[in-house]
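Reading the structure
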Amino acid sequence: MPEANVVVVGAGAAGLSLAHRLAESVPGLRTPSVVLVDAPPGPLRPPPRTWCYWTAEPGRFDAAVRAEWQRLRVRPRTGAPVEGNTGPLRYRMIRSDDFERVVSHDLARSPTVRRLEATVEAVEDVPGGAHVRLRDAHGRTRVLSARWVFDSRPPGSLPAARTTLLQHFHGWFVRTARPVFDPAAVELMDFRTPQPAHGLSFGYILPASPCEALVEYTEFSAHPLTPDGYEAAVSHYADDVLRLGERQVLARETGVITMTDAPVPRQTGASVFRIGAAGGATRPATGYTFAGLQRQTRAVADALRRGRHPAPPAAHPLRSRLMDAVLLRALDSGRVDGPELFSRLFARVPMARLLRFLDGDTRPHEDLSIGLRTPVGPMLRSALELPRLPRRPFDLPTAPATGHLPPTETA
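Within every chain, residues take consecutive numbers counted from 1 along the sequence as written. pLDDT decides what is reported in this predicted model: residues at 70 or higher carry local features, side-chain atom pairs at 80 or more are listed and counted, and totals for whole chains, interfaces and linings draw on all residues regardless. Water and hydrogen atoms were dropped before computing side-chain values, which therefore reflect all heavy atoms in the structure.

With an unreviewed UniProt entry as reference, the protein chain is termed Lycopene cyclase, source organism Streptomyces griseofuscus.

Some thoughts on the domain arrangement of the protein chain
To keep it simple, the criterion reads: The domain boundaries here were taken from an automatic or database domain assignment. In what follows, a contact means two residues having at least one pair of non-hydrogen atoms within 4.5 Å. The buried area of a pairing is the accessible area, by a 1.4 Å probe, that goes missing from both parts when the two are put together, added over both. The term salt bridge refers to a side-chain nitrogen of Lys or Arg lying within 4 Å of a carboxyl oxygen of Asp or Glu. Definition of a polar contact: a pair of N or O atoms within 3.5 Å, with one able to donate and the other able to accept a hydrogen when the atoms are protein atoms, and with sequence-neighbouring residues admitted only if both atoms are side-chain atoms. Elements are defined by DSSP. Helices are runs of H or I of four residues or more, strands are runs of E of two residues or more, and each kind is numbered from the N terminus. Under the grouping applied here, Gly and all other residues not named as nonpolar or charged are polar, the nonpolar ones being Ala, Val, Leu, Ile, Met, Phe, Trp, Tyr, Cys and Pro and the charged ones Asp, Glu, Lys and Arg.
Domains assigned within the protein chain are domain 1 (4-66 + 93-159 + 263-306) and domain 2 (164-260). Summarising the inter-unit geometry, the C-alpha centres of domain 1 and domain 2 are found 29 Å apart. At the interface, 13 residues of domain 1 touch 13 residues of domain 2. Summing the contributions of domain 1 and of domain 2, the shared interface buries around 910 Å²; its carbon and sulfur component is 60%. Counting across the domain 1 and domain 2 interface gives 1 salt bridge. Of the charged contacts, one joins Glu253 and Arg95 as a salt bridge, the two residues approaching to 2.6 Å between their closest N and O atoms. Counting every contact that joins domain 1 to domain 2 gives 3 residue pairs in polar contact (both at pLDDT 80 or more). For the side of domain 1 that touches domain 2, the elements supplying multiple residues, two or more each, are β3 (50-55) and β7 (90-95). Here the side of domain 1 that touches domain 2 is composed, by residue class, of 7 nonpolar, 4 polar and 2 charged.

Brief notes about the environment of Asp239
Relative to the helices and strands, Asp239 resides in helix α3 (residues 227-241). Only 2.9 Å separates the side chain of Asp239 from the side chain of Arg247, close enough to count as a polar contact.

Here's the deal with the sheet that holds strand β16 (residues 247-260)
Note the cut-off: Being paired, for any two strands, means DSSP has found at least two bridges between them. Only the contacting stretch of a helix is used when fitting its axis, a line to C-alpha atoms as for every element, and angles between N-to-C directions run 0 to 180 degrees.
In space, the 7 strands of this open sheet follow the order β6-β5-β13-β14-β15-β12-β16, with mixed pairing throughout. Sheet topology places β6 (82-85) and β16 at the edges, where each strand pairs with a single neighbour. Neighbour to neighbour, the strand axes of the sheet diverge by 15° on average, direction disregarded. The sheet contacts of α3 involve β12 (164-176), β13 (185-190), β14 (200-209), β15 (212-221) and β16, and relative to β12 the element is tilted by about 55°.

Quick notes on unusual backbone geometry
What is expected of a backbone is that most residues other than glycine have negative phi and most peptide bonds are trans. Put simply, the test is: Classification of residues uses two cut-offs on accessible area relative to the type maximum, computed with a 1.4 Å probe and protein chains only: under 20% is buried, over 50% is exposed, and between them is partly exposed.
A cis amide bond, omega 5°, links Gly87 with the succeeding residue Pro88. Here Pro88 is to be found in the loop between β6 and β7. One non-glycine residue with positive phi stands out, namely Arg243, at about 55°. Along the polypeptide, Arg243 turns up in the loop between α3 and β16. The exposure class assigned to Arg243 is exposed, which follows from its relative accessible area of 57%.

Some thoughts on a nonpolar patch on the surface
The condition is simple: Patch criteria: residues need more than 30% relative accessible area and no salt bridge. Like-charged residues are merged within 9 Å; nonpolar side chains of Val, Leu, Ile, Met, Phe, Trp and Tyr are merged within 5 Å. With residues, only the protein chains shown are counted as cover, and all accessible areas are computed by Shrake-Rupley using a 1.4 Å probe.
Among the surface-exposed residues, Leu368, Leu372, Val376, Leu380 and Leu384 lie close enough to one another that they form a single nonpolar patch of about 500 Å² accessible area. For the nonpolar patch, the element with the most residues is helix α9 (residues 376-385), which contributes 3 residues.

Brief notes about the pairing of β3
Two faces belong to every sheet, and in a regular strand the side chains alternate between them. The buried fraction of β3 amounts to 6 of the 6 residues, a majority that puts the element mostly inside the structure. Across the two faces of β3 the burial is the same, with Thr50, Cys52 and Trp54 and Trp51, Tyr53 and Thr55 all buried. In this sheet, β7 lies alongside β3 in antiparallel orientation, the contact comprising 6 bridges. Within β7, the residue paired with Thr50 across the bridge is Arg95.

Here we look at the confidence of the model for the protein chain
Heads up, the condition is: The predictor attaches a confidence to each residue, called pLDDT, with possible values from 0 through 100.
Predicted confidence across the protein chain gives a mean pLDDT of 94, with 96% of residues reaching 70 or more. Taken as a whole, residues 399-411 scores under 50 in pLDDT and shows 49 contacts with residues more than four places along the chain or in a different chain.

Some points on the packing of helix α1 (residues 13-23) against helix α2 (residues 96-107)
Packed helices, taken two at a time, are described by the angle between their axes plus the distance between the axes. For clarity, the cut-off: Any angle that falls under 35 degrees is termed roughly parallel, while one over 145 is termed roughly antiparallel, one within 65 to 115 roughly perpendicular, and all others oblique. Crossings are assigned a handedness: left-handed for a near helix turned anticlockwise from the far helix by less than a right angle, right-handed for a clockwise turn.
For the pair α1 and α2, the least separation of the axes is 10 Å and the interaxial angle reads 30°. The angle between the axes of α1 and α2 places the two elements in the roughly parallel class. As for how α1 packs across α2, the hand of that crossing is left-handed. Between α1, through Ala13, Leu16, Ser17, Ala19, His20 and Ala23, and α2, the contact on the second element is made entirely by Phe99, Glu100, Val103, Asp106 and Leu107. Taken together, the residues of the contact of α1 with α2 sort by class into 7 nonpolar, 2 polar and 2 charged.

Here it is in C-alpha coordinates:
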(Lines give C-alpha, C1' and ligand atoms only; values in the text may rest on other atoms or scores of the structure.)
Protein backbone atom coordinates (compact mmCIF):
# COMPACT_ATOMS: atom_id res chain seq x y z
CA MET A 1 0.00 0.00 0.00
CA PRO A 2 1.26 3.55 -0.66
CA GLU A 3 2.73 5.42 2.31
CA ALA A 4 0.71 8.43 1.20
CA ASN A 5 -1.94 9.24 -1.35
CA VAL A 6 0.02 12.33 -2.38
CA VAL A 7 3.68 13.37 -2.16
CA VAL A 8 4.44 17.04 -2.79
CA VAL A 9 8.10 17.70 -3.62
CA GLY A 10 9.33 21.16 -2.68
CA ALA A 11 7.98 23.63 -0.13
CA GLY A 12 7.99 26.79 -2.17
CA ALA A 13 4.87 28.70 -3.15
CA ALA A 14 3.43 25.88 -5.27
CA GLY A 15 4.20 23.02 -2.88
CA LEU A 16 2.96 24.86 0.19
CA SER A 17 -0.17 26.04 -1.63
CA LEU A 18 -1.13 22.52 -2.72
CA ALA A 19 -0.43 21.03 0.71
CA HIS A 20 -2.48 23.80 2.34
CA ARG A 21 -5.45 23.15 0.06
CA LEU A 22 -5.32 19.41 0.75
CA ALA A 23 -4.94 19.85 4.51
CA GLU A 24 -8.49 21.02 5.12
CA SER A 25 -11.42 18.64 5.44
CA VAL A 26 -14.32 19.23 3.03
CA PRO A 27 -17.61 17.54 3.98
CA GLY A 28 -18.63 14.88 1.50
CA LEU A 29 -15.26 14.82 -0.28
CA ARG A 30 -12.06 12.86 0.18
CA THR A 31 -9.19 14.09 2.36
CA PRO A 32 -6.04 12.48 0.94
CA SER A 33 -2.98 11.77 3.06
CA VAL A 34 -0.09 14.05 2.07
CA VAL A 35 3.67 14.06 2.58
CA LEU A 36 5.37 17.39 1.89
CA VAL A 37 9.10 16.99 1.23
CA ASP A 38 11.18 20.10 1.86
CA ALA A 39 14.84 20.46 0.94
CA PRO A 40 17.24 20.74 3.90
CA PRO A 41 18.86 24.12 4.59
CA GLY A 42 21.46 24.81 1.93
CA PRO A 43 21.71 25.53 -1.79
CA LEU A 44 18.58 23.55 -2.71
CA ARG A 45 16.37 25.72 -0.50
CA PRO A 46 15.62 29.14 -2.02
CA PRO A 47 16.32 32.28 0.01
CA PRO A 48 13.56 34.68 1.09
CA ARG A 49 11.81 36.21 -1.90
CA THR A 50 8.84 38.36 -2.88
CA TRP A 51 5.70 37.38 -4.78
CA CYS A 52 3.20 39.85 -6.22
CA TYR A 53 -0.19 39.39 -7.84
CA TRP A 54 -3.46 41.26 -8.27
CA THR A 55 -6.96 40.23 -7.27
CA ALA A 56 -10.36 41.73 -6.55
CA GLU A 57 -11.50 39.13 -4.05
CA PRO A 58 -10.42 38.05 -0.57
CA GLY A 59 -8.00 35.12 -0.83
CA ARG A 60 -6.83 32.04 0.98
CA PHE A 61 -3.49 33.58 1.92
CA ASP A 62 -4.55 37.11 2.87
CA ALA A 63 -2.93 36.69 6.30
CA ALA A 64 0.45 36.59 4.56
CA VAL A 65 -0.05 39.78 2.53
CA ARG A 66 2.57 42.32 3.60
CA ALA A 67 1.17 45.28 1.64
CA GLU A 68 -1.31 46.14 -1.10
CA TRP A 69 -1.95 49.06 -3.43
CA GLN A 70 -4.62 50.32 -5.81
CA ARG A 71 -2.48 52.76 -7.78
CA LEU A 72 0.22 51.82 -10.27
CA ARG A 73 2.65 54.12 -12.04
CA VAL A 74 4.65 53.61 -15.24
CA ARG A 75 7.37 56.07 -16.22
CA PRO A 76 8.46 56.31 -19.87
CA ARG A 77 12.04 57.23 -20.67
CA THR A 78 10.98 60.85 -21.08
CA GLY A 79 7.82 62.76 -20.35
CA ALA A 80 5.14 62.55 -17.71
CA PRO A 81 4.45 59.31 -15.84
CA VAL A 82 1.30 57.29 -16.48
CA GLU A 83 -0.64 56.61 -13.30
CA GLY A 84 -3.93 54.83 -12.78
CA ASN A 85 -6.25 53.20 -10.30
CA THR A 86 -6.51 49.41 -10.45
CA GLY A 87 -9.96 49.24 -8.88
CA PRO A 88 -11.53 46.84 -8.22
CA LEU A 89 -8.20 44.99 -8.35
CA ARG A 90 -5.58 45.27 -5.63
CA TYR A 91 -1.89 44.74 -6.26
CA ARG A 92 -0.61 42.60 -3.39
CA MET A 93 2.82 41.67 -2.08
CA ILE A 94 3.67 38.53 -0.11
CA ARG A 95 7.07 37.80 1.39
CA SER A 96 7.96 34.12 1.35
CA ASP A 97 8.81 34.09 5.07
CA ASP A 98 5.32 35.34 5.93
CA PHE A 99 3.76 32.82 3.55
CA GLU A 100 5.73 29.95 5.06
CA ARG A 101 4.72 30.99 8.59
CA VAL A 102 1.00 31.22 7.78
CA VAL A 103 0.89 27.93 5.88
CA SER A 104 3.06 26.05 8.38
CA HIS A 105 0.76 27.09 11.22
CA ASP A 106 -2.20 25.51 9.44
CA LEU A 107 -0.32 22.40 8.29
CA ALA A 108 0.83 21.69 11.83
CA ARG A 109 -2.81 21.26 12.88
CA SER A 110 -3.69 18.89 10.04
CA PRO A 111 -3.83 15.15 10.87
CA THR A 112 -3.44 14.23 7.19
CA VAL A 113 -0.28 16.18 6.25
CA ARG A 114 3.25 15.16 7.24
CA ARG A 115 6.41 17.15 6.51
CA LEU A 116 9.81 15.64 5.79
CA GLU A 117 13.16 17.39 5.37
CA ALA A 118 15.23 15.49 2.82
CA THR A 119 16.90 15.75 -0.57
CA VAL A 120 14.88 14.17 -3.37
CA GLU A 121 17.27 12.23 -5.58
CA ALA A 122 14.77 10.70 -7.99
CA VAL A 123 11.06 10.39 -8.73
CA GLU A 124 10.10 7.19 -10.54
CA ASP A 125 6.87 5.83 -11.98
CA VAL A 126 5.91 2.37 -10.76
CA PRO A 127 2.76 0.34 -11.42
CA GLY A 128 -0.12 2.06 -9.66
CA GLY A 129 1.86 5.01 -8.37
CA ALA A 130 5.35 6.43 -7.92
CA HIS A 131 8.46 6.13 -5.77
CA VAL A 132 10.32 9.13 -4.38
CA ARG A 133 13.93 8.36 -3.47
CA LEU A 134 15.12 10.50 -0.56
CA ARG A 135 18.38 11.19 1.27
CA ASP A 136 18.23 12.74 4.73
CA ALA A 137 20.72 15.05 6.41
CA HIS A 138 22.68 12.06 7.75
CA GLY A 139 23.07 10.52 4.30
CA ARG A 140 20.52 7.78 4.86
CA THR A 141 18.30 6.82 1.93
CA ARG A 142 14.71 5.70 1.85
CA VAL A 143 11.95 5.25 -0.68
CA LEU A 144 8.60 6.93 -0.21
CA SER A 145 5.65 5.42 -2.06
CA ALA A 146 2.64 7.41 -3.24
CA ARG A 147 -0.29 7.19 -5.59
CA TRP A 148 0.45 10.66 -6.98
CA VAL A 149 3.54 12.89 -6.92
CA PHE A 150 3.53 16.65 -7.58
CA ASP A 151 7.02 18.03 -8.16
CA SER A 152 7.60 21.78 -7.83
CA ARG A 153 11.41 21.78 -8.07
CA PRO A 154 12.93 23.98 -10.80
CA PRO A 155 13.71 21.84 -13.86
CA GLY A 156 17.33 21.32 -14.82
CA SER A 157 16.62 22.21 -18.44
CA LEU A 158 13.92 23.74 -20.62
CA PRO A 159 12.20 22.29 -23.68
CA ALA A 160 13.31 23.71 -27.00
CA ALA A 161 11.70 27.06 -27.75
CA ARG A 162 11.46 29.58 -30.54
CA THR A 163 12.12 32.41 -28.08
CA THR A 164 13.52 32.39 -24.56
CA LEU A 165 14.49 35.45 -22.55
CA LEU A 166 15.48 35.80 -18.93
CA GLN A 167 13.77 38.22 -16.60
CA HIS A 168 16.48 38.83 -14.04
CA PHE A 169 16.50 41.36 -11.25
CA HIS A 170 18.31 42.59 -8.19
CA GLY A 171 16.73 44.70 -5.48
CA TRP A 172 17.47 46.50 -2.25
CA PHE A 173 15.15 46.85 0.72
CA VAL A 174 16.11 50.41 1.64
CA ARG A 175 15.43 52.89 4.41
CA THR A 176 16.02 56.54 3.58
CA ALA A 177 16.81 59.46 5.86
CA ARG A 178 14.04 61.59 4.35
CA PRO A 179 10.58 60.74 2.92
CA VAL A 180 11.08 60.02 -0.78
CA PHE A 181 8.55 57.28 -1.63
CA ASP A 182 4.85 57.51 -2.36
CA PRO A 183 3.36 54.71 -0.23
CA ALA A 184 0.07 54.85 -2.14
CA ALA A 185 1.45 53.78 -5.54
CA VAL A 186 3.68 51.06 -6.97
CA GLU A 187 6.27 52.12 -9.53
CA LEU A 188 5.57 49.15 -11.81
CA MET A 189 7.93 50.06 -14.64
CA ASP A 190 10.35 52.98 -14.61
CA PHE A 191 12.13 53.05 -17.95
CA ARG A 192 14.56 55.81 -16.98
CA THR A 193 17.21 53.11 -16.47
CA PRO A 194 19.99 52.65 -19.06
CA GLN A 195 18.64 50.28 -21.69
CA PRO A 196 20.69 47.20 -22.66
CA ALA A 197 21.82 46.71 -26.25
CA HIS A 198 19.43 43.78 -26.63
CA GLY A 199 16.27 43.63 -24.52
CA LEU A 200 14.92 46.15 -22.04
CA SER A 201 15.30 47.25 -18.44
CA PHE A 202 13.28 49.15 -15.86
CA GLY A 203 13.16 50.13 -12.22
CA TYR A 204 10.52 48.76 -9.87
CA ILE A 205 9.48 50.12 -6.47
CA LEU A 206 7.24 48.54 -3.83
CA PRO A 207 6.85 51.25 -1.17
CA ALA A 208 6.17 50.25 2.43
CA SER A 209 6.26 53.81 3.82
CA PRO A 210 7.59 57.22 2.79
CA CYS A 211 11.05 56.09 3.93
CA GLU A 212 11.08 52.35 3.18
CA ALA A 213 10.70 50.39 -0.05
CA LEU A 214 11.93 47.53 -2.17
CA VAL A 215 13.86 49.17 -5.02
CA GLU A 216 14.77 46.86 -7.90
CA TYR A 217 16.53 46.87 -11.23
CA THR A 218 14.92 44.44 -13.72
CA GLU A 219 16.15 43.39 -17.14
CA PHE A 220 14.71 41.26 -19.95
CA SER A 221 17.65 39.80 -21.88
CA ALA A 222 19.41 36.56 -22.75
CA HIS A 223 22.02 36.58 -19.98
CA PRO A 224 22.13 37.58 -16.30
CA LEU A 225 24.57 40.18 -15.01
CA THR A 226 27.51 39.68 -12.70
CA PRO A 227 27.06 40.41 -8.97
CA ASP A 228 28.95 43.68 -9.39
CA GLY A 229 26.84 44.51 -12.43
CA TYR A 230 23.62 44.12 -10.45
CA GLU A 231 24.89 46.24 -7.58
CA ALA A 232 26.00 48.95 -9.98
CA ALA A 233 22.62 48.92 -11.76
CA VAL A 234 20.60 49.25 -8.55
CA SER A 235 23.00 51.87 -7.21
CA HIS A 236 22.64 53.94 -10.38
CA TYR A 237 18.85 53.71 -10.22
CA ALA A 238 18.68 54.56 -6.50
CA ASP A 239 21.24 57.34 -6.50
CA ASP A 240 21.28 58.85 -9.99
CA VAL A 241 17.67 58.34 -11.11
CA LEU A 242 15.67 58.40 -7.88
CA ARG A 243 18.17 60.54 -5.95
CA LEU A 244 17.29 58.86 -2.66
CA GLY A 245 20.04 60.62 -0.77
CA GLU A 246 21.24 59.10 2.47
CA ARG A 247 20.00 55.52 2.62
CA GLN A 248 20.53 52.20 4.35
CA VAL A 249 20.29 48.86 2.55
CA LEU A 250 18.45 46.50 4.91
CA ALA A 251 18.45 43.39 2.69
CA ARG A 252 18.96 42.30 -0.90
CA GLU A 253 16.96 40.10 -3.27
CA THR A 254 17.97 38.53 -6.59
CA GLY A 255 16.05 36.33 -9.00
CA VAL A 256 15.92 34.92 -12.50
CA ILE A 257 12.70 33.93 -14.29
CA THR A 258 12.54 32.26 -17.69
CA MET A 259 10.23 33.88 -20.25
CA THR A 260 9.74 31.27 -22.95
CA ASP A 261 7.26 30.05 -25.54
CA ALA A 262 8.43 26.47 -24.94
CA PRO A 263 5.59 24.03 -24.18
CA VAL A 264 6.37 23.22 -20.54
CA PRO A 265 5.27 19.63 -19.73
CA ARG A 266 2.98 19.31 -16.73
CA GLN A 267 3.09 15.50 -16.63
CA THR A 268 6.32 13.49 -16.60
CA GLY A 269 4.91 10.04 -15.78
CA ALA A 270 1.64 8.20 -15.31
CA SER A 271 1.50 9.36 -11.67
CA VAL A 272 4.03 12.23 -11.67
CA PHE A 273 3.21 15.87 -12.39
CA ARG A 274 4.91 19.25 -12.24
CA ILE A 275 3.31 22.26 -10.61
CA GLY A 276 4.16 25.91 -10.17
CA ALA A 277 6.87 27.49 -12.28
CA ALA A 278 8.11 23.96 -13.09
CA GLY A 279 4.65 23.20 -14.50
CA GLY A 280 4.22 26.30 -16.64
CA ALA A 281 2.52 28.55 -14.07
CA THR A 282 4.72 31.52 -15.05
CA ARG A 283 3.10 33.88 -17.53
CA PRO A 284 5.67 33.93 -20.36
CA ALA A 285 5.43 37.62 -21.21
CA THR A 286 5.43 39.00 -17.66
CA GLY A 287 7.10 36.53 -15.30
CA TYR A 288 4.19 36.60 -12.84
CA THR A 289 3.64 33.16 -11.31
CA PHE A 290 1.77 33.34 -8.00
CA ALA A 291 -1.76 33.72 -9.41
CA GLY A 292 -1.17 31.01 -12.02
CA LEU A 293 0.05 28.46 -9.50
CA GLN A 294 -2.98 29.16 -7.32
CA ARG A 295 -5.26 28.25 -10.25
CA GLN A 296 -3.25 25.09 -10.81
CA THR A 297 -3.20 23.92 -7.19
CA ARG A 298 -6.89 24.73 -6.72
CA ALA A 299 -7.79 22.51 -9.68
CA VAL A 300 -5.46 19.70 -8.56
CA ALA A 301 -6.86 19.69 -5.02
CA ASP A 302 -10.43 19.61 -6.29
CA ALA A 303 -9.67 16.68 -8.61
CA LEU A 304 -8.00 14.69 -5.83
CA ARG A 305 -10.93 15.23 -3.49
CA ARG A 306 -13.39 14.07 -6.13
CA GLY A 307 -11.35 11.05 -7.19
CA ARG A 308 -10.61 12.41 -10.64
CA HIS A 309 -7.37 12.33 -12.58
CA PRO A 310 -5.38 15.16 -10.98
CA ALA A 311 -3.38 16.44 -13.96
CA PRO A 312 -2.57 20.14 -13.39
CA PRO A 313 -4.33 22.33 -15.95
CA ALA A 314 -2.59 24.99 -17.99
CA ALA A 315 -2.27 28.04 -15.77
CA HIS A 316 -2.92 30.43 -18.67
CA PRO A 317 -5.35 30.19 -21.61
CA LEU A 318 -3.99 29.06 -24.97
CA ARG A 319 -4.92 32.41 -26.50
CA SER A 320 -2.80 34.22 -23.90
CA ARG A 321 0.16 31.91 -24.50
CA LEU A 322 -0.02 32.49 -28.24
CA MET A 323 -0.07 36.27 -27.76
CA ASP A 324 2.89 35.95 -25.39
CA ALA A 325 4.83 34.03 -28.03
CA VAL A 326 4.28 36.89 -30.48
CA LEU A 327 5.35 39.51 -27.95
CA LEU A 328 8.48 37.60 -26.95
CA ARG A 329 9.47 37.24 -30.60
CA ALA A 330 8.85 40.92 -31.27
CA LEU A 331 11.01 41.91 -28.30
CA ASP A 332 13.78 39.41 -29.02
CA SER A 333 13.97 40.37 -32.69
CA GLY A 334 14.24 44.06 -31.83
CA ARG A 335 11.24 44.90 -34.01
CA VAL A 336 9.50 46.67 -31.16
CA ASP A 337 10.95 49.06 -28.63
CA GLY A 338 10.10 47.51 -25.25
CA PRO A 339 9.91 50.68 -23.16
CA GLU A 340 7.84 52.42 -25.84
CA LEU A 341 5.49 49.43 -26.17
CA PHE A 342 4.73 49.06 -22.48
CA SER A 343 4.50 52.81 -21.90
CA ARG A 344 2.01 53.09 -24.76
CA LEU A 345 -0.13 50.22 -23.48
CA PHE A 346 -0.41 51.65 -19.97
CA ALA A 347 -1.17 55.10 -21.38
CA ARG A 348 -3.92 53.91 -23.75
CA VAL A 349 -5.57 51.01 -21.92
CA PRO A 350 -7.43 51.36 -18.60
CA MET A 351 -5.20 50.04 -15.82
CA ALA A 352 -7.62 47.40 -14.48
CA ARG A 353 -8.35 46.06 -17.97
CA LEU A 354 -4.66 45.79 -18.80
CA LEU A 355 -4.01 43.88 -15.58
CA ARG A 356 -6.86 41.49 -16.39
CA PHE A 357 -5.31 41.04 -19.84
CA LEU A 358 -1.94 40.24 -18.30
CA ASP A 359 -3.65 37.61 -16.16
CA GLY A 360 -5.50 36.05 -19.11
CA ASP A 361 -8.88 37.21 -17.84
CA THR A 362 -10.06 39.27 -20.81
CA ARG A 363 -12.44 38.36 -23.62
CA PRO A 364 -11.38 38.08 -27.28
CA HIS A 365 -12.77 41.50 -28.21
CA GLU A 366 -10.83 43.07 -25.33
CA ASP A 367 -7.66 41.30 -26.46
CA LEU A 368 -8.18 42.67 -29.97
CA SER A 369 -8.67 46.22 -28.73
CA ILE A 370 -5.47 45.98 -26.67
CA GLY A 371 -3.56 44.44 -29.58
CA LEU A 372 -4.54 47.37 -31.81
CA ARG A 373 -2.75 49.67 -29.36
CA THR A 374 0.57 47.94 -30.01
CA PRO A 375 2.80 48.49 -33.09
CA VAL A 376 0.56 46.40 -35.36
CA GLY A 377 3.01 45.94 -38.25
CA PRO A 378 5.93 44.53 -36.25
CA MET A 379 3.62 42.40 -34.12
CA LEU A 380 1.87 40.98 -37.19
CA ARG A 381 5.19 40.19 -38.85
CA SER A 382 6.33 38.40 -35.69
CA ALA A 383 3.10 36.39 -35.59
CA LEU A 384 3.38 35.33 -39.24
CA GLU A 385 6.97 34.12 -38.92
CA LEU A 386 6.50 32.12 -35.72
CA PRO A 387 5.28 28.89 -37.40
CA ARG A 388 8.46 28.82 -39.54
CA LEU A 389 10.94 29.36 -36.71
CA PRO A 390 12.84 26.32 -35.42
CA ARG A 391 12.72 25.47 -31.74
CA ARG A 392 16.15 25.51 -30.14
CA PRO A 393 17.36 24.46 -26.68
CA PHE A 394 18.18 27.17 -24.18
CA ASP A 395 20.96 26.74 -21.64
CA LEU A 396 19.85 27.89 -18.22
CA PRO A 397 22.53 29.68 -16.19
CA THR A 398 24.60 26.99 -14.48
CA ALA A 399 25.78 29.31 -11.74
CA PRO A 400 23.54 31.77 -9.91
CA ALA A 401 24.07 35.39 -10.66
CA THR A 402 24.58 36.47 -7.05
CA GLY A 403 24.98 33.29 -5.08
CA HIS A 404 21.54 31.81 -5.68
CA LEU A 405 19.00 31.32 -8.45
CA PRO A 406 15.60 31.27 -6.70
CA PRO A 407 12.33 30.52 -8.49
CA THR A 408 10.98 33.90 -7.47
CA GLU A 409 9.00 36.78 -8.90
CA THR A 410 8.51 40.42 -8.35
CA ALA A 411 8.11 41.95 -11.75
